[in-house]
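If you want the building blocks of each chain, they are given just below.
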Amino acid sequence: MVDPTLAEMGKNLNEAMKMLEDNQSCSSAYHFSFPSGQDMVSILQLVQNLMHGEEEDESSQSYRLQNVGEQGHMALLGHSLAAYISVLNRERLRNLTTRILSDTTLWLCRLFRYENGSAYYHEDDREGLLKVCRLVIHSCYEDYTVEGFNVLYNKQPVIYISSAARTGLGQTLCSQLGLPLSCMCRVPCNTMFGSQHQMDVALLDRLIKDDINSGKLPLLLVANAGTPGAGHTDKIGRLKELCEQYNIWLHVEGVNLATLALGYVSSSVLAATKCDSMTLTLGSWLGLPAVPAVTLYRHEDPSLSLAAGLTSSQPVEKLRALPLWLSLQYLGHDGIVERIKRASQLSQRLLENLKNMDFIKTSVQPAFNTWSSLLGEQLAQLVPASGVDVVELEDEGTCVRFSPLMTSAVLGTEVQDVDQLVDCLKMKIPILTCTLQLREEFEQEVKRTVGLSYIEDLSWPGLGVVRYNSDRKNDDKQEKEAEKINTGLLKKLNELESDLTFSLGPEFGGEKNCVYIGMVTEDLDVSELVETIAATGREIEENSRLLENMTEVVRKGIQEAQVQLQKANEERLLEEGLLRQIPVVGSVLNWFSPFQASPKGRTFNLTAGSLESTEPTYVSKVQGTGTTPPPTPTPNRIKQRLPGQKLFKRYLRSSDGFSETSSVSHTDDLEKMEQRSHSVSTVQEQGTVETEKAEQQNEIAQVTNDKTEDLQSDKSQQSGNDCTKVEEQESLR
């Protein structure tokens, strides 16, 4: 019979996980003060809101926890059981924890071929190495327990790590152990022979001899069975021989240690079974959440292990192994081997596909090299289940890493995900290659073009960065003018029908007032692109200056129009006489003797910036166009395009849509047609642009004319009213 408490615990855990994995979140506010307490459902709802957030958009509502699975629920149950078991009586707790710890240690030693080993379970994967260093210090310095760090002064310890080790490992060890950084020796990787990511064994031998001659004590060597960046394995067999020669402790860590559970293991990794200690990170290898890392070690003195903190007399400390104990039993030996084997097969499948791609350089089986972090970001977005990420290697630079041993169990990576990753590579790599090939041509074209500046940004993965320079000499307004023009230029370029991407660049670290051009294909016409950018920038600059000057010109024109209208009203009064201004008398007089006066209006010519009479308009019944506006800047070349062909595209003779013969003939005809119609089309286009500008200016002038006529009418009425008042006063007199 199952303990009802344990059964209820498992049931509550399942219900809690279902609720937390549900993406339906409540947006109600919560407060810390709960006078009467809350039930389990309300508390879990609160946790769910904190996990999923309250301001997520619809695209993120499909968020789910990572692929936990039933084995993950078993690991989570282990934490609940550990809390429950800790309240047992001391004798029963000691017996239970001893059994759990011994079983888990025995299983792991058999699974990873590490005979006669002990195990230390820890949350931080660096903590195991730290405790091993303490153990070695206690072993090599007999009086360390009594005198402490005084014994280290006369004979300074030295810890050797590879230059390919994870970042900050040496600093962390020295900080936690209280040692100076001079106790840490970084061993370079091979430079002449062998892999550039493996520790240089010959150089290590010389370093050890130099330290011994200097009165130092070589203490410990950290080797890699799978470097953090590229997954390379050091020559552990030769390193073990060197450590035995100088009595140095050998510690091994790395993702490739997971392959020790497989039937076939490479000789370099198999040599790790003879090391003095190794750290295993089973959580990422098997997709188990919240399980501890394990450091297996061999040492014969339990008292020193206790002094170093590798063992504990507290039963509660031994309960750290409980989640792993439950998960290992749930998966079984076959289940564990199958997960690791599947991850290795995924890596092999990707490697086989990459070997057929000439544009890919493989660094090692779990990793491949490229030249841009953008590729890794795009692959991670397109195939999120692949688990690819971007790493920086000392020699290769920026690389895209695929490490299924670290990610496949958690993300649930399948074979089809790897195939999709390969397809994305085949699609993205040629575009990157073409972009790199055209960058130099783009730079030269920009430098030859007046008004444009080429901005060098090595971190930008696209075609390049360009800036339009304003001719304004005023330094105070130059920056604002440049920002205004380049912002408008970016907007105009994005409105064009092209396949290119124009942006302001990265959010952080990018240049200001620039246009960033994204990746391109091989059929890009670079010269046409640069000409269009320059012409569009000039057009925006001229229009901007026209708008700036128009305000002042219009203001002066209105003032002049008011003066002229007032003068015209006075002349009209003198012409018509005083009697015609009297309401009744003027009507009778106008009936007997009509007064013929030609309408006198004013029109404002925006191009000339002057007032002109409207008499020609009333005579000819047609509004004049005035001075011809300047032509709009346009690219020098106006190319004839095929149906459906977008801007900035060169016609490729090897296009799949046409045969070789028809393509050549059609292209020749197209070139002849361009030569014949070049001058005609240019004149027609400029004429069309001029007509459009003239119409716009005439519309503005007409609006000004209407306003001046209204003003003239108002003033005439006011003058008539003034005359009426004068006549009334004379009558009264």
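Remember, predicted model here, so these are calculated numbers, not experimental data. (Residues numbered from 1 in each chain as written. Predicted model: local features only at pLDDT ≥ 70, side-chain atom pairs only at ≥ 80, totals over all residues. Heavy atoms only, no water.)

Trainee: Requested: an account of the overall build of the chain, with residues and values cited.
Mentor: From N to C terminus, the chain includes 23 helices and 17 strands. Counting all 733 residues of the chain, 42% fall into the buried class. Contacts in the chain between residues at least 24 apart in sequence constitute 71% of all its contacts with a sequence separation of at least 6. Entry remark: accessible area of the chain is about 40,700 Å², with carbon and sulfur atoms responsible for 52%. (Helix = DSSP H or I, 4+ residues; strand = E, 2+ residues; numbered from the N terminus. Buried < 20%, exposed > 50% of the residue type's maximum accessible area, 1.4 Å probe, protein only. Contact = heavy atoms within 4.5 Å. Areas by Shrake-Rupley, 256 points an atom, 1.4 Å probe, with all protein chains shown as cover.)

Trainee: Summarise the pairing of strand β3 (residues 184-187); cite the residues concerned and give the values.
Mentor: When strand β2 (residues 157-162) meets β3, the two strands line up parallel, connected through four bridges. Within β3, the residue paired with S162 across the bridge is V187. (Pairing = 2+ DSSP bridges.)

Trainee: Which residues make up helix α8 (residues 169-177), and what values go with them?
Mentor: For α8, the complete set of buried residues consists of L169, G170, L173, C174 and L177. The buried residues of α8 occupy one face: seen down the axis, they fall within an arc of 130°. Backbone geometry just downstream of α8 places G178 in the positive-phi region, at approximately 75°. (Arc of directions from axis to C-beta.)

Trainee: How would you sum up the environment of V415? Please name residues and give values.
Mentor: By the secondary structure assignment, V415 is in helix α18 (residues 415-448). On the basis of relative accessible area, V415 is assigned to the partly exposed category, the value being 35%. For the pair V415 and R349, spaced 66 residues apart in sequence, the C-alpha to C-alpha distance is 8.1 Å. Excluding its chain neighbours within four sequence positions, the residues that come into contact with V415 are L346 and R349.

Trainee: Mind laying out unusual backbone geometry, listing which residues take part and the relevant values?
Mentor: Negative phi characterises most residues that are not glycine, and trans characterises most peptide bonds. Even without a glycine there, the phi angle at R113 is positive, about 55°. At N116, a position not held by glycine, the phi torsion is positive, near 55°. Looking at the secondary structure, you find N116 in the loop between α4 (90-111) and β1 (118-122). The exposed category is assigned to N116, whose relative accessible area is 75%.

Trainee: Provide a residue-level description of the packing of aromatic side chains, including the pertinent values.
Mentor: For the structure on display, the rule yields four aromatic pairs. Between F112 and W285, the ring centres sit 6.0 Å apart and the planes meet at 55°, which makes this aromatic pair tilted. Taken together, the residues span a long stretch of sequence, with F112 in the loop between α4 and β1 and W285 in helix α12 (residues 282-286) at a distance of 173 residues. With centroids separated by 6.2 Å and ring planes inclined at 65°, the aromatic side chains of F442 and Y454 adopt a geometry described as edge-to-face. One end of the pair, F442, is in helix α18; the other, Y454, is in strand β12 (residues 452-455), with twelve residues separating them in the sequence. F442 gets classed as buried once you look at its relative accessible area, which sits at 0%. Classification of Y454 as buried rests on a relative accessible area of 18%. Sitting over the ring of Y114, R298 keeps its end group 3.7 Å from the ring centre. (Phe/Tyr/Trp six-rings, centres within 6.5 Å; stacked < 30°, edge-to-face > 60°. Lys NZ or Arg CZ within 6 Å of the ring centre and 35° of its normal.)

Trainee: Talk me through the pairing of strand β5 (residues 249-253); I want residue IDs and the actual numbers.
Mentor: Buried residues dominate β5, accounting for five of its five residues. By the alternation rule, side chains of β5 split into W249, H251 and E253 and L250 and V252, which are all buried. Sheet topology places strand β4 (residues 217-224) next to β5; five bridges connect them, and they run parallel. Pairing of A223 across the sheet is with V252, part of β5. Between the parallel pair β4 and β5, the chain is carried across by helix α10 (residues 236-246), and the sense of this crossover is right-handed. Here β5 pairs with strand β6 (residues 277-280) via three bridges, running parallel. Residue pairing in the sheet places H251 in a bridge with S277 of β6. (Right-handed = clockwise from strand over helix to strand, strands pointing away.)

Trainee: Please provide a residue-by-residue account of the sheet that holds β5, values included.
Mentor: Within a beta sheet, neighbouring strands are joined by backbone hydrogen bonds and run either parallel or antiparallel to one another. One open sheet holds the seven strands; their spatial order is β1-β7-β6-β5-β4-β2-β3, and the pairing between them is mixed. In this open sheet, the two edge strands, each paired with only one partner strand, are β1 and β3. Here the average twist between neighbouring strands, direction ignored, is 20°. The strands touched by helix α5 (residues 127-140) are β1, β2, β4, β5, β6 and β7 (293-297); relative to β4, the strand with the most contacts, the crossing angle is about 155°. (Axes fitted to C-alpha atoms, helices over the stretch in contact; angles between N-to-C directions.)

Trainee: I'd love a proper account of the confidence of the model for the chain, names of residues and values included.
Mentor: Averaged over every residue, the pLDDT of the chain is 76; the share at 70 or more is 68%. Mean pLDDT values for the elements of the chain range from 37 in strand β9 (residues 367-369) up to 97 in β5. Segment residues 25-33 is flagged for pLDDT under 50; beyond a separation of four residues in sequence, or across chains, it makes twelve contacts in the model. Scored below 50 in pLDDT, residues 364-370 shows 36 contacts in the model against residues more than four places distant or in partner chains. (pLDDT = per-residue confidence, 0-100.)

Trainee: Could you give me a rundown of the sheet that holds strand β15 (residues 515-517), with the residues and numbers involved?
Mentor: Spatial ordering of the open sheet is given by β12-β13-β15-β14, a layout of four strands whose pairing is antiparallel. The sheet is open, and its two edges are formed by β12 and β14 (502-503), each paired on a single side. Note that β14 and β15 share two bridges and pair antiparallel. Bridging across to β15, S503 finds its partner in Y516. Each of β12, β13 (464-468) and β15 is contacted by α18, which is oriented at about 145° to β12, the strand it contacts most. Each of β12, β13, β14 and β15 touches helix α20 (residues 526-576); the most contacted strand, β13, lies at about 30° to it.

Trainee: Just give me the short version of the pattern of salt bridges, but keep the residues and values in it.
Mentor: Counted by the stated rule, this structure contains 13 salt bridges. Between D276 and K240 there is a salt bridge whose closest N-O contact spans 3.7 Å. One end of the pair, D276, is in the loop between α11 (267-270) and β6; the other, K240, is in helix α10, and 36 residues separate them in sequence. Classification of D276 as buried rests on a relative accessible area of 19%. When its relative accessible area of 13% is taken as the criterion, K240 is described as buried. In this structure, E317 and R320 form a salt bridge, with 3.2 Å as the shortest nitrogen-oxygen distance. For E317, a relative accessible area of 38% translates into the label partly exposed. Several salt bridges share partner residues, and in doing so they unite D125, R166 and E253 into one network. (Salt bridge = Lys/Arg side-chain N within 4 Å of Asp/Glu carboxyl O.)

Trainee: Before we move on, can you summarise the packing of helix α15 (residues 322-355) against α18 with the specific residues and values?
Mentor: Remark: α15 packs on α18, axes separated minimally by 10 Å, with the N-to-C direction vectors making an angle of 25°. What the angle tells us is that α15 and α18 run roughly parallel. Seen along the crossing, α15 lies across α18 with a hand that is right-handed. Across the interface between the two elements, L346, R349, L350, N353 and L354 of α15 pack against V415, V418, D419, L421, V422 and L425 of α18. Its residues placed into classes, the contact of α15 with α18 shows eight nonpolar, one polar and two charged. (Parallel < 35°, antiparallel > 145°, perpendicular 65-115°, else oblique. Left-handed = near helix turned anticlockwise from the far one by under 90°. Nonpolar A, V, L, I, M, F, W, Y, C, P; charged D, E, K, R; others polar.)

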